[in-house]
Amino acid sequence: MSGFSLNLVLQHNRVSIRYHMTKLQVKFNRITSFGGIVLVNRLFDHLSLGKVINETLGLRSTAHNGYQWDEIVKSLFNIYLCGGDHIEDIISLMPSLSQAPGSHVTSSDTIGRGIKQLTTDNITYTAKSGNTYTFNTNEFLNDLLMKLNMAVGLFKSGQFLDVDFGHQFIPTEKHDATYSYKKAFGYFPGVASVGDVIVHVENQDGNTPVKFCQAETLKRLLASLRKHGLSIYRFRVDCGSYSKEIVETRAQQSVLSACVKLRKCLYGICRTGWLENH
């Protein structure tokens, strides 16, 4: 009798376990590994970034099925967020990205044409030595960059910022890349940032000396920040900004505080009496 009772208990436990097991049911047969990008794109629309992009860059197409700038930027944005590193990666991503309601994913050719339309002519400067160096400032896209930074709430008008400026060598085998002291071909853009947020970029030849025409770059940077109601509290640079012209530019542009990583450089300026005469 006791054995029979034990058997009943075991059977009852097995039934109870089966009853509480989670049941899985497929609700939708189209499953994508990039479903998270839908939430990112939804935030993109919620912050009205597309409106900012189109108002800044203007109307791109009047055709009913034409692509506007915000759709091109969003498609390019999605490529890198999904792990791609070439424009052509949109081809493999398109089936997944197109599943989102209201999506309008562009082709790689459309993205390429859009990027080409946004390019600006290079500016060539000649040094006293006779060497020429090419810059590309693209103030149009730098303005869009700041408008997007403001739109997502990274900065507010009237704010004082701590700005870092430096040059970042980017190795590349592009046809216009030049040989650098880094012992490689590439570009050498000047980049300004606030924390980890980029606020200004200007491309340069890979062999451009860091001091060359840096004062002009800083003037454009400061003008861009002032346009959006921002001021610089501290301006941090490296020893590449140790020159009379660059220090004068910072003083003329009402930068409250400037820090050069090599303090001995500033000490040397003071010892020469240059500051006493300016």
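Everything discussed here concerns the structure shown above.
Heads up: these notes are all about the structure in this document. (Residues numbered from 1 in each chain as written. Predicted model: local features only at pLDDT ≥ 70, side-chain atom pairs only at ≥ 80, totals over all residues. Heavy atoms only, no water.)

1. What to know about the side chain of K74
The test is simple: Counting from the N terminus, the helices are DSSP H or I runs at least four residues long and the strands are E runs at least two residues long. Each residue is assigned to one of three classes by its accessible area relative to the maximum for its type, calculated with a 1.4 Å probe on protein chains only: buried under 20%, partly exposed between the two thresholds, exposed over 50%. Residue contacts are defined here by distance: any two heavy atoms, one from each residue, within 4.5 Å place the two residues in contact.
Position of K74 among the secondary structure elements: in helix α4 (residues 69–81). Given the relative accessible area of 18%, K74 is considered buried. Beyond its immediate chain neighbours, meaning those up to four positions away, K74 contacts N41, F44 and D45.

2. Considering the packing of aromatic side chains
The condition that has to hold: Paired rings are identified among Phe, Tyr and Trp, the last through its six-membered ring, by centres lying within 6.5 Å, and are further divided according to the angle between planes into stacked (under 30 degrees), edge-to-face (over 60) and tilted (the rest). Charge-over-ring contacts are defined here by two conditions on Lys NZ or Arg CZ: a distance within 6 Å of the ring centre and an angle within 35 degrees of the ring normal.
Under the counting rule described, the total for this entry stands at 8 aromatic pairs. With centroids separated by 6.3 Å and ring planes inclined at 50 degrees, the aromatic side chains of F135 and F212 adopt a geometry described as tilted. Placement of F135 in strand β2 (residues 132–136) and of F212 in the loop between β8 (197–204) and α8 (214–227) is noted, with a sequence separation of 77 residues between them. Across the pair, exposure class does not vary: F135 and F212 are buried alike. With a centroid separation of 5.2 Å and an interplanar angle of 70 degrees, the aromatic rings of Y179 and F185 are classed as edge-to-face. A residue is classified by how much of its surface remains accessible, and Y179, at 46% relative accessible area, is partly exposed. In this structure an aromatic cluster arises from ring pairing among Y125, Y133, F135 and F212. Over the ring of W69 we find R60; its NZ or CZ atom is 5.5 Å from the centre of that ring.

3. Details of the pairing of strand β3 (residues 160–167)
Here is the rule we go by: Pairs of strands are assigned from DSSP output, requiring at least two bridges between the strands.
In this structure, β3 lies alongside strand β9 (residues 231–237), joined through 5 bridges in parallel fashion. Note that in β9 the partner of L161 across the bridge is I232. Relative to strand β7 (residues 190–194), β3 is paired through 4 bridges, and the arrangement is antiparallel. Paired with G166 across the bridge in β7 is V191.

Purely spatial values, then, with no claim about function.
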